[in-house]
Amino acid sequence: MADNVSSLFRNTAAHSPSMAALTREGGEGVGPVDFCIPCNPYFPTPAMMDTMSARLRDIITYYPSGADTITAELCNLLQLPPQAVAMGNGSTELITWIDHLLVRESLAVPVPTFGRWTDQPMETGKRVDMFPLQESSGFALDLAQYAEFIRTRGTKVAVICNPNNPDGGFLHKHALVQFMDAMADLDLIVIDESFLEFADAEQEPSVVQEAMIRPNVIVLRSLGKNFGLHGIRFGYMVANPSLAGRVRSMLPKWNLNAFAEYVVFMLKEHGPEYAQSLMQVRRDRLDMASQLSALPGLTVYPSQGNFLFVRLPVGAEGTVVRDRLLAEHRILVRECGNKIGSSSRFLRLVVRPQVDVRRLVSGLEQVLYGTRRGAAVPELSTGISYSSGTAAVDRLVTNGAGMPGLAAQAMGMGAQMPGLVAAAPAMAAPAMAPAMAQSAPSDGVGMPMPAAAQVFPQPVQMPAPVPAPQPMAPAAMAPAAMAPAMAPAAQAPPMGPTPTGVPARGGLTAAQVRGTNGLSPAAATGWPNAQSWPNAAGMGQVS
């Protein structure tokens, strides 16, 4: 596999080759240890797998029931009204139909985030307004600034992923409700809760109940991620009956397969095992963050997903680290250089059992430092050059002011809107006030532990080893005190919305960015030729 690792990544349309492709390439019938695909490693249980295996012939031989039947069973399990739910062949199918049916001209989304929220609307000629999450703030989403960005751009649809992918940033329910109140005049607000089952910062974090009574809100939920069954491809959305019905009416009658039906109907017998699996993932997340934080120069960002977003030490190139981990240690990781708003210095690492994490830490030690933890970080600069993402945002969103100018513009949009309280995501216990945290001095390495004291890590200055980090006490800043601290805008943002079908006044589209190294000058015309396109919150309430 060592000779073909780079070509495996270069020749796939996705961010990583499939596990089937990697297994074939390995020649041993077994794939690598997977820290890339974010699914639950503890569910289904081995006994459930045995039951499905025994029924395999029937499952793959016969047609499944219609989607209405499967949806009704899921709604009975989750105690949701079926008329407010639409099930899809994975969340991507639902995102596609939401875009086709409900996004008229423009959509706003914070970046980095799940790629289909940027790429799908662009592929149908919509304008995508990308709000850059700042590394200096731990990729926290400030809802007041995001709302002002939407107003300034004249955007019609807003998307929020909670927790966000790839950084795991979390927003409390009351902050999201305030945002929905302030943005009630938008065509649509989508809250993507695909990873919310793994969150433990709040007892009832979902806004599905709000979605059912509001005219312009959709909540998107995944089943493959939290049930550990990505290959089955099933997810669902919750909205008021009118919105849900519009999407449901466009879905094929048999868009859900027989495996999806079998799993949905067996879930009612395995609620306790599912709840236990979520608790174990949350425990593993703390343990994994602690172990990774001990690696010199590696920054671990607080996460409420079943993954951790990490920044590599100075001098480390993500594509090289990824390729060497796969070739030398049979470990697959998600390098984030092709995520708009990220760069190749960042990896997303899925939470896995401790035995696998020890293998990952050992592999990182050898790749980053040789065999000695704390040795100088090598200059890994011979890897394949992929889109940096950060430069992509520069071209997509700004008018030549660059990222510093864009950051200044975003910070200058901090004026509160009526009915909206400025709030930064809380990464700690629910008792933490949803205000922007101000961290105490730090040694700049890793993520402070325990979880109740998590705040945003500071940028790493040097790769030299330092003592283990100490917990930092978050000092809450009152919303009224935020405005004076914000830097004034470097220049006034463009007035009025960009015309429909033009990506941010001449910037490049995501599809164009994918084929560059992220640093080359923008094309004279940004838009490509059309032919060039290649509780009710889930089962957490188990008694």
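**Topic: the overall build of the protein chain**
- When helices and strands are tallied, the protein chain shows 19 helices and 14 strands.
- Sorting the 543 residues of the protein chain into buried and exposed places 57% on the buried side.
- Here the protein chain has roughly 21,000 Å² of accessible surface; of this, 56% comes from carbon and sulfur atoms.

**Re unusual backbone geometry**
- The peptide bond linking Phe43 to Pro44 adopts the cis configuration, its omega dihedral lying at 0°.
- Mapped onto the elements, Pro44 comes out in the loop between β1 (33-35) and α3 (46-54).
- Look at the link from Asn162 to Pro163: it is a cis peptide, with omega at -5°.
- For Arg233, which is not a glycine, the phi torsion comes out positive at approximately 65°.
- Structurally, Arg233 can be placed in the loop between β7 (217-222) and β8 (235-239).
- Arg233 gets classed as partly exposed once you look at its relative accessible area, which sits at 33%.
- Positive phi outside glycine occurs at Arg330, with the angle close to 55°.

**A look at the sheet that holds strand β9 (residues 299-301)**
- Ordered by their spatial adjacency, 5 strands build an open sheet running β1-β11-β12-β10-β9, and the pairing between neighbours is mixed. Edge positions in the open sheet fall to β1 and β9, since each of these has one partner strand only. Ignoring strand direction, the axes of neighbouring strands in this sheet form an average angle of 30°.
- With 3 bridges connecting them, β9 and strand β10 (residues 307-311) associate as antiparallel partners. In the sheet register, Thr299 faces β10, and the bridge partner there is Arg311.
- Helix-sheet contacts for helix α13 (residues 271-293) involve β1, β9, β10 and β12 (346-350), and the interaxial angle to β10 is about 15°.
- Together, β1, β11 (331-335) and β12 form the strand contacts of helix α15 (residues 354-369), whose direction differs from that of β1 by roughly 85°.

**Quick look at the confidence of the model for the protein chain**
- On average, the protein chain scores 75 in pLDDT, and the residues at 70 or more come to 63%.
- Considering only residues more than four positions removed or in separate chains, one finds that residues 374-411, a stretch of pLDDT under 50, has 120 contacts.
- Of the regions scoring below 50 in pLDDT, residues 413-543 engages in 300 contacts with residues more than four places distant in sequence or in other chains.

**Notes on helix α8 (residues 143-153)**
- Taken across its 11 residues, α8 has 9 buried, putting it largely inside the fold.
- Residues of α8 that are buried: Leu143, Ala144, Gln145, Tyr146, Ala147, Phe149, Ile150, Thr152 and Arg153.
- If you check the start of α8, you find a side-chain oxygen 3.0 Å away from the backbone N of Ala144, and it comes from Asp142.
- A positive backbone phi angle near 70° is found at Gly154, which sits one or two residues after α8.

**Here we look at the sheet that holds strand β2 (residues 85-88)**
- Strand order in the open sheet formed by 7 strands is β2-β8-β7-β6-β5-β3-β4, and the pairing between neighbours is mixed. This sheet does not close on itself; its edge strands, each paired only once, are β2 and β4 (127-132). Here the average twist between neighbouring strands, direction ignored, is 20°.
- The sheet contact formed by strand β3 (residues 106-111) and strand β5 (residues 157-161) spans 2 bridges and is parallel.

**Digging into the side chain of Ser106**
- You can see Ser106 is positioned in strand β3.
- What makes Ser106 buried here is its relative accessible area of 0%.

**Things to note about the packing of aromatic side chains**
- One pass over the full model with this rule turns up 15 aromatic pairs.
- Site record: aromatic cluster; members linked through ring pairs are Phe43, Phe227, Phe234 and Tyr274.

**Overview of the packing of helix α5 (residues 67-78) against helix α12 (residues 258-266)**
- Where α5 contacts α12, the two axes come as close as 9 Å, and the packing angle between them is 25°. On the basis of their axis angle, the class for α5 and α12 is roughly parallel. Both α5 and α12 take part in a crossing whose hand is left-handed. Between α5, through Thr69, Ile70, Glu73 and Leu74, and α12, the contact on the second element is made entirely by Glu261, Val264 and Phe265.

**A few points about the environment of Met212**
- Here Met212 is to be found in helix α10 (residues 208-213).
- C-alpha of Met212 to C-alpha of Ala84: the two residues are 128 residues apart in sequence and 6.5 Å apart in space.
- Apart from the residues within four sequence positions on either side, Met212 is in contact with Leu80, Pro81, Ala84, Val238, Ala239, Asn240 and Pro241.

**A word on the pairing of β5**
- Taking burial as the measure, the 5 residues of β5 include 5 buried ones, the bulk of the element.
- Along β5, one buried face is formed by Val157, Val159 and Cys161 and the opposite face, lined by Ala158 and Ile160, is buried too.
- One ladder, built from 5 bridges, connects β5 with strand β6 (residues 188-192); its direction is parallel. Residue pairing across strands places Cys161 opposite Asp192, the latter belonging to β6.

**As for the pattern of salt bridges**
- One pass over the full model with this rule turns up 18 salt bridges.
- Note that Asp187 and Arg104 form a salt bridge whose closest N and O atoms lie 2.7 Å from each other. Note that Asp187 is positioned in the loop between α9 (173-182) and β6 and Arg104 in the loop between α6 (91-102) and β3, a separation of 83 residues in sequence.

Conventions used here
Residues numbered from 1 in each chain as written. Predicted model: local features only at pLDDT ≥ 70, side-chain atom pairs only at ≥ 80, totals over all residues. Heavy atoms only, no water. Helix = DSSP H or I, 4+ residues; strand = E, 2+ residues; numbered from the N terminus. Buried < 20%, exposed > 50% of the residue type's maximum accessible area, 1.4 Å probe, protein only. Areas by Shrake-Rupley, 256 points an atom, 1.4 Å probe, with all protein chains shown as cover. Pairing = 2+ DSSP bridges. Axes fitted to C-alpha atoms, helices over the stretch in contact; angles between N-to-C directions. Contact = heavy atoms within 4.5 Å. pLDDT = per-residue confidence, 0-100. Polar contact = N/O pair within 3.5 Å; in protein donor to acceptor, adjacent residues only side chain to side chain. Phe/Tyr/Trp six-rings, centres within 6.5 Å; stacked < 30°, edge-to-face > 60°. Parallel < 35°, antiparallel > 145°, perpendicular 65-115°, else oblique. Left-handed = near helix turned anticlockwise from the far one by under 90°. Salt bridge = Lys/Arg side-chain N within 4 Å of Asp/Glu carboxyl O.

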